[in-house]
Amino acid sequence: MRTFLPSYGFPTNVVTLNTYNIEQFIHERDQKNTSKQSREDNIFMFKELPSRGMAMALKEYAPGSQVVIDGRVHRVAGISLNWHRPTGTSANEEQKFDIAWRCKTCGSNGVEEHAYSSESLNCFKCQNIIEESTKKIVLRPTGFVTDFFESTTNDISTQSFIRVEQPLIQVDGEVVCLPNPLSGLIRFGHQGHVFHHSSGNHQNGFAVCMSCGRTESMLTNNSAPKLLTEPHRPVGGIKGSHKAKDCNGFIKNNVYLGFSIQTDVLELYLREIHTGNWLSDSDEHQTIAFTLAVALREVIAEHLGIVSTEIGVSARLDRDIVTGQKRSVIQLFDQASGGAGFVLAALEKIPTFIERMINKLTCPAGCDSVCSHCLAGQDSQIERHELNRHSALAWINKSGLMKSLLLPDAFSEIPQIHYSAMGVKQWVNSHIQRGASSISIFLQGDSESWQVDATEFRNQVLNWHTQHKLDVVLVIPSQSEMSTEVTTALLPLAKLGIIFSEPSLAHSLPSNLAVQVHYADKTCSLFGDHLNCLEP
């Protein structure tokens, strides 16, 4: 029996901050020279390295920031360079660098691993060459360190932080229109990539000593800080740590600290129905996009019964390749590496979630912008962004989005029907997870265009039957309407246990019925909005 251990709920990509310093060394030395037992509340008695997931560590442990631990303020001075080994080992490995890029033509972004800035890169979406000005040299640290000889303080009045950057998110997944295609579309997938990074105090990256790991933010004029332009005190690495300022290792400038994960991503592209204008790249519309992202995250979290911080949000700039119009894209992603299925839970009833998102813009406390009663909830990182629910609500009303969520008239008479953004495979699999016992697949349209001999179709049907132990029924027209080639292609499926049936009640079944999944007490049906989607 095959099993797996889910990553959700388990810490992944964890790194440590090495805070061992001269104060702790002196205390340990004095302890060896005295027989007196220390107090149990002594902060040096049981001291372990603080740790964070990489995404949080890039915010809290970025070089130059100050961290309060056990009432003492530590300043982060550098990073661990031996990226294959944990802190404290003497092994030295070749340092790995990646290249993060953004396409100026279409707005796509990505990370090229083991790359060099001199390499020519092409955008995977529009195939244009990536300009050098949009490339960033990325180093993934395996840990962070403080200066051994720098004393700690208890003064938190001047505590400094490094600016938190919005993650770069990209998903090259399935694209599905909203009920009214004029109102926009959604893009989603399990293979989305989220790039977390830190750009230093002035967004020019860091200067990193490749010998000892000491790291400082680049200056506003994009020059290296004076501390690293002359011999300096090493903080670790191959030189170790000592008081003399004798480290003159190679300084690599404009390095960005970061890493990427693969997870579930959902993108929402909205536009005005009457004008066809997308939610644009203006500052106001970027604020609206981020506000809507936060609102959609809140309703998904409420529906699933999870804390909203399990879902990350962002908004990126994009360009419609057909019209050339710039637009703001609403983005949500699962924080768990590998995905937890949270953001994709909205696909089955996406109009309902969008309607709840719009309702979320109405604050019960009637605040001027946002407050804890509406959008400014548990995530302190969200509150620092400029959110404006009034502007978002005004754009929603102007765009006609609410009316576009209604289904076409052809489906209005079907009871309890709702729009689903899932494809057939994903929709069926979601019901299998809920306990469906059998599947009926209705093959309609011109049988000459059926691709029943396609490997993907046959493998999927057999997978549902053999792997999931389900009865699979292919409901087809009468044999006289099928060609010999189609009949021959279906025979192997019959020999492997697939059931074939003719629609005895065809006159009472809608012509756009695609699939039915059957439970012990109910049946759920999937309808197609055009005939081509009903052909295998």
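To keep things clear, this report deals only with the structure shown in the data block. (Residues numbered from 1 in each chain as written. Predicted model: local features only at pLDDT ≥ 70, side-chain atom pairs only at ≥ 80, totals over all residues. Heavy atoms only, no water.)

1. Remarks on the overall build of the protein
The condition that has to hold: Starting at the N terminus, helices and strands are each numbered in turn, a helix being any DSSP run of H or I of at least four residues and a strand any DSSP run of E of at least two. Contacts are assigned to residue pairs that have any heavy atoms within 4.5 Å of one another. Only the protein chains shown count as covering a residue, and every accessible area follows the Shrake-Rupley method with a 1.4 Å probe.
Secondary structure assignment for the protein yields 10 helices and 21 strands. Long-range pairs, those at least 24 residues apart, make up 68% of the contacts in the protein with a sequence separation of at least 6. Counting only carbon and sulfur atoms, one obtains 49% of the accessible surface of the protein, whose full area is about 27,200 Å².

2. Notes on the sheet that holds strand β17 (residues 438-442)
Note the cut-off: Pairing between two strands requires that DSSP report at least two bridges joining them. Here an axis means a line fitted to C-alpha atoms, over the contact stretch when the element is a helix, while the angle between two N-to-C directions is reported on a 0 to 180 degree scale.
A sheet is described by the order of its strands in space; here 5 strands give the open sequence β19-β18-β17-β20-β21, paired in mixed fashion. Two strands bound the open sheet, and with one partner strand each, they are β19 (499-501) and β21 (523-527). The average angle at which neighbouring strand axes cross in this sheet is 20°, direction not considered. Sheet contacts for helix α8 (residues 424-433): β17, β20 (513-518) and β21; angle to β20, the most-contacted strand, approximately 15°. Taken strand by strand, helix α9 (residues 455-467) contacts β17 and β18 (471-475), and its axis lies near 140° from that of β18.

3. A closer look at helix α4 (residues 350-360)
Heads up, the rule is: Burial classification: accessible surface area is computed with a 1.4 Å probe over protein chains only, and a residue below 20% of its type maximum counts as buried, one above 50% as exposed, and the rest as partly exposed.
For α4, the set of buried residues is I350, P351, F353, I354, M357, I358 and K360. Turning to α4, the residues buried within the fold contact β11 (184-198), β14 (251-270), α3 (283-304), α6 (389-399) and α7 (401-404).

4. Some remarks on the pattern of salt bridges
We count it as follows: Here, a salt bridge means any side-chain nitrogen of Lys or Arg that lies within 4 Å of a carboxyl oxygen of Asp or Glu.
On inspection of all chains with the given rule, the structure shows 17 salt bridges. Across the pair K96 and D98 runs a salt bridge whose closest N-O atoms are separated by 3.0 Å. Close ionic contact of D320 with R327 constitutes a salt bridge, the shortest N to O distance being 4.0 Å. In terms of burial, D320 and R327 fall into one category: buried. Members of the salt-bridge network, linked through shared partners, are K125, R187, E267, R316, D318, D320 and R327.

5. What to know about unusual backbone geometry
Of note in the backbone geometry, Q127 takes a positive phi value of approximately 70° without being a glycine. With respect to the helices and strands, the residue Q127 is situated in the loop between β6 (109-112) and β7 (136-139). Overall, the relative accessible area of 51% leaves Q127 in the exposed class. Positive phi outside glycine occurs at Q416, with the angle close to 55°. Its place among the elements puts Q416 in the loop between α7 and α8.

6. A short note on the side chain of Q66
So the rule is basically this: Polar contacts here mean pairs of N or O atoms no more than 3.5 Å apart (in protein, one a potential hydrogen donor and the other a potential acceptor; neighbouring residues in sequence count only if both atoms are side-chain atoms).
Mapped onto the elements of the fold, Q66 is located in strand β3 (residues 66-69). Looking at Q66, its side chain comes within polar contact range of the main-chain nitrogen of S160, at 2.9 Å.

7. A few points about a nonpolar patch on the surface
Stated precisely, the cut-off is as follows: What goes into a patch is any residue over 30% in relative accessible area without a salt bridge, connected to like charges within 9 Å or, for nonpolar side chains (Val, Leu, Ile, Met, Phe, Trp, Tyr), within 5 Å.
Together, Y20, F25 and I26 line one region of the surface with nonpolar side chains, adding up to about 240 Å² of accessible area. Inspection of the secondary structure puts Y20 in the loop between β1 (14-18) and α1 (22-32).

8. A short note on the sheet that holds strand β2 (residues 51-53)
Pairing within the open sheet is mixed, and its 5 strands lie in the order β2-β1-β8-β4-β3. What marks the edges here is a single partner per strand, and that holds for β2 and β3. Adjacent strand axes in the sheet meet at a mean angle of 35°, parallel and antiparallel pairs treated alike. Strand direction decides the pairing type here: β3 and strand β4 (residues 72-79), joined by 4 bridges, are antiparallel. Paired with V67 across the two strands is H74, which belongs to β4.

9. Examining the pairing of β21
Across the two faces of β21 the burial differs, with C524 and L526 buried and T523, S525 and F527 not buried at all. Where β20 and β21 come together, 5 bridges link them in antiparallel fashion. Bridging across to β21, V515 finds its partner in L526. Here β20 folds back onto β21, and the loop between the two strands holds 4 residues.

10. A short note on the nonpolar core
To keep it simple, the criterion reads: Take the buried Ala, Val, Leu, Ile, Met, Phe, Trp, Tyr and Cys residues and link them wherever side-chain atoms come within 4.5 Å; each set so joined is a nonpolar core.
By size, the foremost hydrophobic cluster in this structure holds 78 residues, and its most contacted members are I186, L292, I354 and I439. Top element by residues in this core is α3. It accounts for 11 residues. The residues contacting L292, other than those within four sequence positions of it, are L270, I330, M357, L361, A392 and I396. In terms of nonpolar packing, the next biggest core, distinct from the first, is built from 35 residues, M54, C123, I137 and F144 among them.

11. Here's the deal with the environment of D155
In this structure, D155 sits in the loop between β8 (143-146) and β9 (168-170). Given a relative accessible area of 39%, D155 falls into the partly exposed group. The spatial distance from the C-alpha of D155 to the C-alpha of V68 is 9.6 Å, given a sequence separation of 87 residues.

12. Some remarks on the packing of aromatic side chains
The condition is simple: A pair of Phe, Tyr and Trp rings is counted when the ring centres sit within 6.5 Å of each other, with Trp represented by its six-membered ring. The angle between the planes then sorts it: under 30 degrees is stacked, over 60 is edge-to-face, the rest tilted.
For the coordinates displayed, the defined rule picks out 5 aromatic pairs. With a centroid separation of 6.1 Å and 65° between ring planes, the pair formed by Y61 and F144 is classed as edge-to-face. Here the residue Y61 occupies a position in the loop between α2 (54-60) and β3, and F144 occupies one in strand β8, the gap between them amounting to 83 residues. Judged by relative accessible area, Y61 falls into the buried class, the value being 1%. Overall, F144 belongs to the buried group, its relative accessible area being 0%. Look at F148 and F149: their rings are 4.9 Å apart centre to centre, the planes differ by 80°, and that puts the pair in the edge-to-face class.

13. As for α6
Selection rule: This arc is taken over the directions from the axis of the helix to the C-beta atoms.
Residues R389, S391, A392, W395, I396 and S399 constitute the buried set of α6. With its buried residues spanning 160° around the axis, α6 presents them on a single face. Across from the buried face of α6, at angles greater than 90 degrees, the exposed residues are N397 and K398. Looking at the residues trailing α6, positive phi occurs at G400, about 75°.

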